[in-house]
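Observations on the model geometry
So you can see what is in the structure, the chains are spelled out below.
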Amino acid sequence: TPPRIADVPKAVGLHSVPALVARPSAAEVRGWDLTLQRLLPHIDGALSIARIAAYAKVDMPLVVGGVRALCAAGWVQLVDIFAYSNAYAATAKLRE
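Quick notes on the rules
Residues numbered from 1 in each chain as written. Predicted model: local features only at pLDDT ≥ 70, side-chain atom pairs only at ≥ 80, totals over all residues. Heavy atoms only, no water. Helix = DSSP H or I, 4+ residues; strand = E, 2+ residues; numbered from the N terminus. Buried < 20%, exposed > 50% of the residue type's maximum accessible area, 1.4 Å probe, protein only. Contact = heavy atoms within 4.5 Å. Areas by Shrake-Rupley, 256 points an atom, 1.4 Å probe, with all protein chains shown as cover. pLDDT = per-residue confidence, 0-100. Expected span 1.5 Å × (residues − 1).

1. Points about the overall build of the protein
- Counting its regular elements, the protein contains 4 helices and 2 strands.
- Scanning the protein from its N terminus toward the C terminus, one meets helices and strands in the order β-α-α-α-α-β.
- Taking all 96 residues of the protein together, the buried fraction comes to 33%.
- Considering only contacts within the protein whose residues lie at least 6 apart along the sequence, 72% involve residues at least 24 apart.
- Surface accessibility of the protein: about 6500 Å² in total, with carbon and sulfur atoms responsible for 57%.

So this is what it looks like as structure tokens:
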């Protein structure tokens, strides 16, 4: 069962990264729409909506709608891909 009913995100951007909150059972997934079944293996918390669409070979509007439905059902949360793009390194000033 999904963890809880969540708010539907207003906008699912192409650079948003869906991450599973809970792993659905095989029996639950069998009852889902075929598009959602095709997307699920690619929702890993690292791939963006655009990459999921390309890897799953599904049209972008269907991916966006599917991810919104999974968010609304509480299975998925969105993470902004730009959170992964920042890089931090220690400098010599760290010792000061």
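From this point, things continue past the structure.
2. Regarding the confidence of the model for the protein
- Looking at the protein, pLDDT values average 84 and 80% of them are 70 or higher.
- Between the elements of the protein, mean pLDDT differs from a low of 84, seen in strand 2 (residues 76-80), to a high of 95, seen in helix 3 (residues 49-56).

3. Topic: helix 4 (residues 60-73)
- If you check helix 4, its first and last C-alpha atoms are 20 Å apart, about what 14 residues at 1.5 Å a residue would give, namely 20 Å.
- Those residues of helix 4 that fall on the buried side of the exposure criterion are Val63, Val64, Gly66, Val67, Leu70, Cys71 and Ala72.
- Two residues or fewer after helix 4 comes glycine 74, characterised by a positive phi angle close to 90°.

4. A closer look at the environment of valine 29
- Within the secondary structure, valine 29 sits in helix 1 (residues 26-30).
- Taking C-alpha positions, valine 29 is 8.8 Å from leucine 40, a pair spaced 11 residues apart along the chain.
- Those residues within four positions of valine 29 in sequence are excluded, and the remaining contacts are Pro24, Gln37 and Leu40.

5. Points about unusual backbone geometry
- Phi at lysine 57 is positive, roughly 55°, even though this residue is not glycine.
- Take lysine 57: it is sitting in the loop between helix 3 and helix 4.
- With a relative accessible area of 68%, lysine 57 lands in the exposed category.

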